[in-house]
Amino acid sequence: MNIKDTVSKIKSGKQSCRELLDEYIPVILDGQEKLNTYITLLLDSAKERAESLDARIAAGDSSGDLLGIPVAIKDNMMLSGTRTTCGSKILENYISPYTATAVGKLIDAGAVIVGKTNMDEFAMGSSGETSFFGPARNPNDPDRIPGGSSSGSAACVADSQVMGSLGSDTGGSIRQPAAMCGVVGMKPTYGYVSRYGLVAFASSLDQIGPFASNVEDAARIFTVIAGFDEKDSTSIAPGESDFVRWVHEKGMKLKIGIPREYMGGGLSGEIHNRIADTARRLERSGFEIKDISLPLTKYAVAAYYIVAPAEASANLARYDGVKYGYRTPSPDDLLEEYKVSRQEGFGDEVKRRIMIGTYALSSGYYDAYYLKAQRVRRLMERDFQEAFGDVDIILSPTSPTTAFKLGEKTQDPLQMYLSDIYTISCNLVGLPGINVPVGKDSAGLPIGAQLIAPWRCDGKLLYAARQVEKIYE
Amino acid sequence: MNSGGYETVIGLEVHVHLKTQTKMFCRCRNLFGAQPNTHVCPVCTGQPGVLPVANGKAIEQAARAGLALGCRINSESVFARKQYFYPDLPKNYQISQYERPIAEKGHIMLGDRKINITRAHLEEDAGKLIHAESDVSLVDYNRTGTPLLEIVSEPEIDSPQEAAEYLKELRQVLRYCGISDCDMEKGSMRCDANVSLRKKGSKELGVKTELKNMNSFKAVEKALEYEIKRQEKVLGEGGRITQETRLWNEDKGTTRSMRSKEEAHDYRYFPEPDLPRLVIEAEKIKSIRDSIPELPAARRRRYIVQTGLSEYDAGVLTQEKEISDYFDAACGMLGDKSSENIKKLANWITVELLGKLNAEGSGFREDVISPPHMAELVGYIGAGTISGKMGKDIFEIMYNKGVSPGEVIREKGLKQITDGDQISAVCREVIESSPDIVDKYMQGKDGVLGVLVGNVMKKTRGQANPAMVNAKLRELMGRRQ
Ligand SMILES: [Zn+2]
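Cut-offs applied
- Residues numbered from 1 in each chain as written.
- Chains lettered and ligands numbered in written order.
- Predicted model: local features only at pLDDT ≥ 70, side-chain atom pairs only at ≥ 80, totals over all residues.
- Heavy atoms only, no water.
- Buried < 20%, exposed > 50% of the residue type's maximum accessible area, 1.4 Å probe, protein only.
- Helix = DSSP H or I, 4+ residues; strand = E, 2+ residues; numbered from the N terminus.
- Right-handed = clockwise from strand over helix to strand, strands pointing away.
- Polar contact = N/O pair within 3.5 Å; in protein donor to acceptor, adjacent residues only side chain to side chain.
- Pairing = 2+ DSSP bridges.
- pLDDT = per-residue confidence, 0-100.
- Contact = heavy atoms within 4.5 Å.
- Axes fitted to C-alpha atoms, helices over the stretch in contact; angles between N-to-C directions.
- Domains from an automatic or database assignment.
- Salt bridge = Lys/Arg side-chain N within 4 Å of Asp/Glu carboxyl O.
- Donors = N, O, S within 2.8 Å, 3.2 Å for Na, K, Ca; no water.
- Tetrahedral: all angles 85-135°; square planar, octahedral: opposite > 155°, others 65-115°.
- Disulfide = S-S within 2.5 Å.
- Core = buried A, V, L, I, M, F, W, Y, C linked by side-chain atoms within 4.5 Å.
- Patch = residues over 30% accessible without salt bridge, like charges linked within 9 Å, V, L, I, M, F, W, Y side chains within 5 Å.
- Areas by Shrake-Rupley, 256 points an atom, 1.4 Å probe, with all protein chains shown as cover.
- Phe/Tyr/Trp six-rings, centres within 6.5 Å; stacked < 30°, edge-to-face > 60°.
- Lys NZ or Arg CZ within 6 Å of the ring centre and 35° of its normal.
- Lys, Arg positive; Asp, Glu negative; His and termini not counted.

Points about the pairing of strand 2 (residues 70–74) of chain A
All names here are of chain A. Among the five residues of strand 2, five are classified as buried, and the element is accordingly described as predominantly covered. Neither face of strand 2 is exposed, since Pro-70, Ala-72 and Lys-74 on one face and Val-71 and Ile-73 on the opposite face are all buried. Between the parallel pair strand 2 and strand 3 (residues 112–117), the chain is carried across by helix 4 (residues 101–108), and the sense of this crossover is right-handed.

Remarks on the environment of Glu150(B)
Residue and element names in this part refer to chain B. For Glu-150, the position within the fold is in strand 11 (residues 147–153). Overall, the relative accessible area of 8% leaves Glu-150 in the buried class. With 138 residues separating them in the primary sequence, Glu-150 and Leu-12 have C-alpha atoms 10 Å apart. There is a polar contact of 2.9 Å between the side chain of Glu-150 and the side chain of His-15.

What to know about the pairing of strand 4 (residues 164–169) of chain A
Residue and element names in this part refer to chain A. Counting buried positions along strand 4 yields six of six residues, so the element is predominantly enclosed. The alternating pattern of strand 4 places Gly-164, Leu-166 and Ser-168 on one face and Ser-165, Gly-167 and Asp-169 on the opposite face, and all of these are buried. Note: strand 2 against strand 4, three bridges, orientation parallel. Along strand 4, the bridge assignment pairs Val-71 with Gly-164. Of the pairings in the sheet, the one linking strand 4 to strand 6 (residues 207–212) comprises six bridges and is antiparallel in character. Directly across from Ser-165, in strand 6, lies its bridge partner Phe-211.

Points about the confidence of the model for chain B
When pLDDT drops low, the exact placement of atoms in the prediction is not to be read closely. Per-chain confidence: chain B averages 89 in pLDDT, with 98% of residues scoring 70 or above. Interface confidence for the predicted complex, given as ipTM, is 0.96, next to a pTM of 0.90.

Describing the sheet that holds strand 16 (residues 270–271) of chain B
Through backbone hydrogen bonds, the strands of a sheet pair up, either in parallel or in antiparallel fashion. Overall, antiparallel pairing links the three strands, which are arranged 6-5-16 (chain B) in an open sheet. Two strands bound the open sheet, and with one partner strand each, they are strand 6 (93–97) and strand 16 of chain B. Where strand 5 (residues 79–83) of chain B meets strand 6 of chain B, five bridges bridge the pair, whose relative direction is antiparallel. Among the inter-strand pairings, Arg81(B) is bridged to a residue of strand 6 of chain B, identified as Ile95(B). Running at roughly 65 degrees to strand 5 of chain B, helix 10 (residues 300–315) of chain A makes contact with strand 5, strand 6 and strand 16 of chain B of the sheet.

Structural notes on the domain arrangement of chain B
As assigned here, chain B comprises domain 1 (2–288), domain 2 (294–412) and domain 3 (420–477). With centres defined by C-alpha atoms, the gap from domain 1 of chain B to domain 3 of chain B works out at 69 Å.

Brief notes about the interface of chain A and chain B
Taken together, the 40 residues of chain A in the interface contact 30 residues of chain B. Scanning the region where chain A abuts chain B turns up one salt bridge. The salt bridge partner of Asp274(B) is Arg195(A), with a shortest N-O separation of 3.0 Å. Put simply, chain A and chain B have 17 residue pairs in polar contact (both at pLDDT 80 or more) between them.

Regarding the coordination of the zinc ion
Residue and element names in this part refer to chain B. The protein atoms that coordinate the zinc ion are Cys-26 (SG), Cys-28 (SG), Cys-41 (SG) and Cys-44 (SG), at distances of 2.3 to 2.4 Å. Angles of 100 to 113 degrees at the metal separate the four donor atoms of the zinc ion, which places the site in the tetrahedral class. Mapping the donors of the zinc ion onto the primary sequence gives the spacing C-x1-C-x12-C-x2-C. A residue is classified by how much of its surface remains accessible, and Cys-26, at 5% relative accessible area, is buried. Among the residues examined, Cys-28 registers a relative accessible area of 9% and is labelled buried.

Section: the sheet that holds strand 5 (residues 184–187) of chain A
All names here are of chain A. The sheet built from eleven strands is open, its strands ordered 1-3-2-4-6-5-10-11-9-7-8 with mixed pairing. Of all the strands in the sheet, the pair left with one neighbour each is strand 1 (38–41) and strand 8 (288–292). The sheet shows a mean angle of 30 degrees between the axes of neighbouring strands, direction not considered. As paired elements, strand 2 and strand 3 share five bridges and run parallel to each other. Across the sheet, residue Pro-70 finds its bridge partner in strand 3, namely Val-112. Sheet strands touched by helix 9 (residues 269–284): strand 7 (255–259), strand 8, strand 9 (393–397), strand 10 (433–440) and strand 11 (446–452). Its angle to strand 9, the strand with the most contacts, is close to 150 degrees. Each of strand 5, strand 9, strand 10 and strand 11 touches helix 16 (residues 458–471); the most contacted strand, strand 10, lies at about 5 degrees to it.

Focus: unusual backbone geometry
The step from Gly148(A) to Ser149(A) runs through a cis peptide bond, and the omega angle for that step is 10 degrees. Unusually for a residue other than glycine, Arg456(A) sits at a positive phi of about 70 degrees. Looking at where Arg456(A) falls in the secondary structure, it is placed in the loop between strand 11 and helix 16. Within the chain, Cys182(B) stands out as a residue other than glycine whose phi angle is a positive 50 degrees. Structurally, Cys182(B) can be placed in the loop between helix 2 (160–176) and strand 12 (189–199). The buried category is assigned to Cys182(B), whose relative accessible area is 0%.

Some details on the pattern of salt bridges
Under the criterion given, the structure shown has 59 salt bridges over all chains. In this structure, the salt-bridge partner of Arg466(A) is Glu473(A), at a minimum N-O distance of 2.7 Å. According to the relative accessible area criterion, Arg466(A) is buried, its value standing at 16%. In this structure Glu473(A) comes out as exposed when scored by relative accessible area, which is 66%. The shortest N-O distance in the salt bridge between Glu60(B) and Lys284(B) comes to 3.2 Å. Highlighted residues: Glu60(B) in helix 1 (residues 56–68) and Lys284(B) in helix 4 (residues 282–290), separated in sequence by 224 residues. In this structure Lys284(B) comes out as partly exposed when scored by relative accessible area, which is 37%. One network of salt bridges, in which partners are shared, links Glu294(B), Arg299(B), Arg302(B), Lys321(B), Asp325(B) and Asp328(B).

Topic: the state of the cysteines
Residues and elements named next belong to chain A. Overall, the coordinates contain zero disulfides over all chains when judged by the stated rule. Residue Cys-86 stays outside any disulfide, its sulfur separated by 17 Å from that of Cys-156, the closest cysteine. A relative accessible area of 1% means that Cys-86 is categorised as buried.

Examining the environment of Ser88(A)
Relative to the assigned elements, Ser88(A) resides in the loop between strand 2 and helix 4. Setting aside chain neighbours within four positions, we find Ser88(A) in contact with Glu121(A), Phe122(A), Phe132(A), Phe133(A), Gly345(A) and Phe346(A).

Brief notes about the nonpolar core
Residues and elements named next belong to chain A. Grouped together as the largest cluster of nonpolar side chains are 149 residues, with contacts concentrated most on Leu-106, Phe-122, Leu-451 and Leu-462. Ranked by the residues each element gives to this core, the list is headed by helix 10, at nine residues. With near-sequence residues (within four places) excluded, Leu-106 lies in contact with Leu-66, Val-71, Ile-73, Ala-111, Leu-166, Ile-221, Val-224 and Ile-225.

A look at a nonpolar patch on the surface
On the surface, Tyr359(A), Tyr365(A) and Tyr369(A) cluster together to form a nonpolar patch covering roughly 290 Å² of accessible area. Here Tyr369(A) lies in helix 13 (residues 367–390).

Brief notes about the packing of aromatic side chains
For the structure on display, the rule yields 25 aromatic pairs over all chains. On the numbers, 3.7 Å between centres and 5 degrees between planes, the contact of Tyr98(B) with Tyr269(B) is stacked. A residue pair is termed long-range when its members are at least 10 positions apart, and Tyr98(B) in the loop between strand 6 and strand 7 (103–110) and Tyr269(B) in the loop between strand 15 (254–260) and strand 16 qualify at 171 residues. Overall, Tyr98(B) belongs to the partly exposed group, its relative accessible area being 39%. Residue Tyr269(B) is classed as buried on the basis of its relative accessible area of 18%. Ring-pair connections join several aromatic residues into one group, and the members of that group are Tyr94(A), Phe122(A), Tyr319(A), Tyr324(A) and Phe346(A). The ring of Phe287(A) carries the charged tip of Lys253(A) above its face, separated from the ring centre by 5.8 Å.

Points about the side chain of Arg318(A)
For Arg318(A), the location among the structural elements is in the loop between helix 10 and helix 11 (334–345). At 5.8 Å, Asp274(B) is the nearest oppositely charged side chain to Arg318(A), a buried residue that forms no salt bridge. Engagement of the side chain of Arg318(A) in a polar contact is seen with the backbone oxygen of Asn315(A), the distance being 3.3 Å. Those residues within four positions of Arg318(A) in sequence are excluded, and the remaining contacts are Lys323(A), Tyr324(A), Gly46(B), Gln47(B), Pro48(B), Val50(B), Pro90(B), Lys91(B), Asn92(B) and Tyr93(B).

Here it is, written out as structure tokens:
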């Protein structure tokens, strides 16, 4: 049952919010034990919340597009009074002093938040394995990673522990785990969802988006969380208030481009074939398919691994043990307090990126690295503009491989970074992208197709996603 | 200043606190002196996940300052992160402006000397560290995130005295525009000074040192004087100046090295990704420009050239905008706008009113004697209705009771007697009742005339016009001869 039907059931009084939640709680507890999906479970407050919603409904108020719907949020989003760890030891005991705008919108729409999901530390990682709280596991095969960094948010939806969740996507952190877990995961146009209350990794790339088991539910959650926020100066008004209608749109012709740079070396054969198959089936459904080129794709990973660490090195400077978070027990002086607290509080991947970013911004290197990477971003923007002059939507694989084994790539950061090779460009350019499951490989692991739409064409993106989804229903 | 064959090159970096209701990037109050950490929020304490939102009023204030200093306002400027670790800086970076500041290329006139201003940029202030006990430091974040404008001069100031003059002029301009209180003692204005020496006539700049921790204009002057002597000595002995930051010690009257160039921070500036480019429309710039009042230099010129006031009086009247506005208002209400009368008005304001307020230790207030009352008083004196001496007595009553001079005169019957017949009658009376004195006068002792005048004044309770009394007495006694 999808979100719409579930909400109708609640509104019509056939099921209470509490009853609905009680159906989910055993699944959540079971999943948490097997998959380590959450860093913090909020079941007690969820029960209270469900009951208070029921009381509200009894009093005649049954408003809310997500009324009673159990959802989870990634543990880098503030929810007042709850722990927000970002998957890091340095924030292990940090209690949110306020609520993120997007999370507040979920609550206002009647959602019931059941927990804060596991994630790579500070969203840095592609497998969930950099979490200080141990890795989340893939519901399709618990020996495999669920993807990352929104590992828990993807896994909990794939495991039917919740009807939807929020993740954040800086270089593919929603789309890649969605692909590996076999769910829908959307990264909206940069600015469509407020970042206020999302713990920053790379400010110019971060974007919150939904996970759901189907495109319509994803569109519904996205509709709820999107909107201009005066607390986020980079946010923009989407200019429309209902994205669900795009999912039900019919007969709209699309020209779909497949960038050859996304189908080449390093891509698993099975995924290649499946994307080609998807394209063929779309063609049969009446969509035009076109071979296109995004020549600057080869620079995306390099540019990303300058810009993201550079911004991160500044964003993470505040974790110094002075005001909150982990502080080393007995430092000799201020400098040692800084150094040792950060040394003990951050994991290796975070330290690696802080080092890269600090280096890239250092005097004498700034022009060669940061400035050049920013220039590449602007050129890539032109690359996409040209491509979108020709086609309406871009179709590609989301990830070069299906879910790999836990520990398989932890010793090889570069291999890990290549896991985001197809998703990174969207973030560098600010475009909306989405993962739609397109079946499974021979090992039974989900394969994901990525769709990319022009800037601010999130509605069209959802329409295209629905067309792909239909093929494999 | 030049001595020992060197000339001095000084550049000043001045930080001023902008007057706004709220902080630069959050909506906490921009207040001083409150209980520590009572004006803080997630944003200004650098909690995870927060974002800055620029304060439009602060941007306006910065643009106003730029325009008042003759700067070009950049229609697009960029915020940047300046990174360094310190406990008073919650994010461990300060949001500032680096490559594209809000204002560039202005100047300040010191008489005929033009001191160029390189740039003025917006930024947020840090908090305050309090070293409470021996091994404990506390931090107060109330000041964190309050709006600052940093104004950087070209290295064109050539003496400590000129540096102080520059600061005074800068303060005056900013205060006129309501941009900042510019109170160095209270920390709403701070000044760092870069100073170097070079061989007289040389075009090349010498190695500079940066002086910090001066808390008054006087301290800036003294620190520069000390530092120039120190550099002269080093150079005179064939030594080299080390590029470094030096701290002024007010008690000892010396500077000491704080950190060398090698230890200087690499601030790793980069554009603030959480804030879009700061765009100011041409129309907005125009409306800000229109809101700038006539500045002190222009007013001084007007007072001297148009009104004929002395440079000194013009200086005193323009030291604060409120005084100058008061003078202008009163001046406009003078019935007789002769230059003599205007000078009288200036005098009554600078000597009597300011003297009285200063003696009470209060700043300028126009409410004790309103401009129309002041104009009325000067009008009576100018017209000879009352004497200057009576004016002072009336002023006293006006000052204490807030009444108009006309009321005082009516109530106390203090009007000056200028009626010839009336004066002549009293003079006759006095002459007749003082034959001895009259005799002495007749014998040529002119000095006793004063006694007779005094007696007339006594009889008229000081209201007779002294000049008329004088003339009448001479006339009457002359006739009797
Ligand atoms: Zn604040």
